[in-house]
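Given next are the chains, with one letter for each unit.
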Amino acid sequence: MTRPLRLLGAACALTALTLSMTSCSKPDSSAAGASKSVAADKKLSIGFFGFSKANSFAQATWAGIQEYAASNNATATFLDPNFDGPTQVNQLQDAVTSKRYDVAIVQANDGTAIAPAVKQAVAAGITVVIEFTPVGGRYDTTEAQIPGTISIVDAPTINGEGMATLGLGACKEAGATPCKVAFLQGFENYPLDTARTNAAVGALKKGGADVVASVVGGYTADSGRAAFQNVLQAHPDVDVVIGSSQAIQGAAPLAAGKKIKFVGNGGSTQAFKAVQAGDWYGVYVIPEKAEGSKAAELGLAKARGQNVPTATDARTLTDYNSLGTKQTLQGKTADYSD
């Protein structure tokens, strides 16, 4: 994923999640969650506050939102902050002031900094859907952290633990003892990335792996290639490398002739093909177009006065708990490309 996978972030048909579903979510019955309902036949507007228009992951979300809006009497607009947290906060605050949107779908660059603006939007009667990135300061839960919001997210700590599970599977396949693992984290000093990295590294160590490097690999092929070059110079005997799918796309060609196993984060077409061909061991998958569509479905339903789940774990949009391997991805296709 080209940022936040934001990891990253996405790749199978929509799982049948009904609005009455309670197995992984709770219906919104709080007074704080009651945005202003509108007539069922009124055309609604959605504002999508995404990572960046230049980001393939956000574009997948956007495609899902657009398609659902177009077929359900709504319009949609992508507000582009170009990965800048303060810009995104200002965009949401301006939307609250202008009352331009009935529904705001927030894919936060900084889930802590944007929390006050989200609260303002809820107080103004705007239906707010928190998508992919948790908002409210905690990165270890899929629950809605701000009363009145709808949450459909990939908790970074869960994501990190999932990548570690795949990494340990790769270690087992490699047969290395101890298994030497390099972790290429996304951005430096981003709370989301820090939470994901700490969870992944901790789970890898707990599983017996020797994490020989934890360096910034970013969300592009170029940044991944540069990071892996440095890793190879310091640790030419590394067994497993984990990082964003874009970073791994840049790193993997450098391992020609070596028996290094790769694990990506972000289920793009390119990542699916690499896993299905056996070039990578696995990939952590959130079907991001499907998640965008679901976010639009939930937001529009609530704006029209329906009861909807307040929290949905994004992993439930797959039938393999987001752990994509050659076996679990057999016959499946991704829903976006890097």
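Not measured: the values here are computed from a predicted model.

Cut-offs applied
Residues numbered from 1 in each chain as written. Predicted model: local features only at pLDDT ≥ 70, side-chain atom pairs only at ≥ 80, totals over all residues. Heavy atoms only, no water. Pairing = 2+ DSSP bridges. Helix = DSSP H or I, 4+ residues; strand = E, 2+ residues; numbered from the N terminus. Axes fitted to C-alpha atoms, helices over the stretch in contact; angles between N-to-C directions. Contact = heavy atoms within 4.5 Å. 1 Å grid on protein atoms, 1.4 Å probe; cavity = no way out; pocket = protein on both sides within 12 Å on 5 of 7 lines; lining within 4 Å. Points joined across faces, edges and corners; volume = space filled by probe spheres on them. Nonpolar A, V, L, I, M, F, W, Y, C, P; charged D, E, K, R; others polar. Disulfide = S-S within 2.5 Å. Buried < 20%, exposed > 50% of the residue type's maximum accessible area, 1.4 Å probe, protein only. Parallel < 35°, antiparallel > 145°, perpendicular 65-115°, else oblique. Left-handed = near helix turned anticlockwise from the far one by under 90°. pLDDT = per-residue confidence, 0-100. Arc of directions from axis to C-beta. Core = buried A, V, L, I, M, F, W, Y, C linked by side-chain atoms within 4.5 Å.

### Digging into the sheet that holds strand S2 (residues 74–79)
- Read across the sheet, 6 strands follow the order S2-S1-S3-S4-S5-S11 without closing on themselves; strand pairing throughout is parallel. Lying at the two open borders of the sheet, with one neighbouring strand each, are S2 and strand S11 (311–313). Strand-to-strand twist of the sheet, defined as the mean angle between neighbouring strand axes without regard to direction, takes the value 15 degrees.
- Along the sheet, helix H9 (residues 288–303) contacts strand S1 (44–49), S2, strand S3 (103–106), strand S4 (127–132), strand S5 (150–153) and S11; its crossing angle with S4, the most-contacted strand, is approximately 165 degrees.

### Quick notes on empty space enclosed by the protein
- Within this model, the largest cavity holds a volume of roughly 50 Å³.
- Lining the largest cavity, in full, are Ile130, Pro134, Val135, Glu143, Ala144, Gln145, Ile146, Thr149, Ser151 and Val153.
- Residue composition of the lining of the largest cavity, grouped by class: 6 nonpolar, 3 polar and 1 charged.

### Quick look at the state of the cysteines
- Under the defined criterion, the tally for this structure stands at 1 disulfide.
- Through a disulfide, Cys171 is tied to Cys179; the S-S separation comes to 2.0 Å. Between Cys171 and Cys179 the disulfide shows an S-S torsion of about -75 degrees. By sign, it is left-handed.
- A residue is classified by how much of its surface remains accessible, and Cys179, at 4% relative accessible area, is buried.

### Side note on the packing of helix H2 (residues 85–98) against helix H3 (residues 115–123)
- Where H2 contacts H3, the axes come no closer than 9 Å and their chain directions differ by 15 degrees. In terms of their interaxial angle, H2 and H3 are classed as roughly parallel. Relative to H3, the crossing made by H2 is left-handed. Residues Val89, Leu92, Gln93 and Val96 of H2 lie in contact with H3, whose contacting residues are Ala117, Val118, Gln120 and Ala121.

### Examining unusual backbone geometry
- Note that the residue after Thr177, namely Pro178, is joined by a cis bond; omega there is -5 degrees.
- With respect to the element layout, Pro178 can be found in the loop between helix H4 (156–174) and strand S6 (180–185).
- Here the phi dihedral of Phe83 falls at roughly 65 degrees; this positive angle occurs in a residue that is not glycine.
- Here Phe83 lies in the loop between S2 and H2.
- Although it is not a glycine, Ser322 sits at a positive phi angle of roughly 70 degrees.
- Along the chain, the position of Ser322 falls in the loop between S11 and strand S12 (323–325).

### Let's talk about the confidence of the model for the protein
- When pLDDT is averaged across the protein, the result is 90; 88% of the residues are at 70 or more.
- Overall, residues 1–35 carries pLDDT values under 50, and its contacts beyond four positions in sequence, including any with other chains, amount to 149 contacts.

### Regarding the environment of Ile152
- If you trace the backbone, Ile152 turns up in strand S5.
- A C-alpha to C-alpha distance of 9.2 Å links Ile152 and Leu298, two positions 146 residues apart in sequence.

### Here we look at the environment of Gly208
- Mapped onto the elements, Gly208 comes out in the loop between helix H5 (191–206) and strand S7 (210–216).
- The exposed category is assigned to Gly208, whose relative accessible area is 52%.
- Remark: the alpha-carbon pair of Gly208 and Cys179, spanning 29 residues in sequence, is separated by 7.7 Å.

### Things to note about helix H8 (residues 269–276)
- Taken together, the buried positions of H8 are Ala271, Phe272, Ala274 and Val275. The buried residues of H8 occupy an angular sector of 165 degrees when projected down its axis, which confines them to one face.
- Its buried side turned inward, H8 meets helix H7 (245–251), strand S10 (282–284) and S12.
- After H8 finishes, the residue Gly278 shows a positive phi value of roughly 85 degrees.

### Some thoughts on the sheet that holds S6
- Pairing within the open sheet is mixed, and its 6 strands lie in the order S7-S6-S8-S9-S10-S12. Looking along the sheet, the strands with just one partner apiece sit at the ends: S7 and S12. On average, each strand axis in the sheet is tilted by 20 degrees relative to the strand beside it, whichever way the strands run.
- Across 5 bridges, the pairing between strand S8 (residues 240–244) and strand S9 (residues 261–265) is parallel.

### What about the nonpolar core?
- Residues Ile46, Ile105, Val181 and Ile242 are the most contacted members of the largest nonpolar core, which totals 49 residues.
- Setting aside residues no more than four positions away along its own chain, Val181 makes contact with Cys171, Leu204, Ala209, Asp210, Val211, Val212, Ala213, Val238, Val240 and Ile242.
- Leu232, Ile260, Ala271 and Tyr320 belong to the second largest nonpolar core, which has 23 residues in total.

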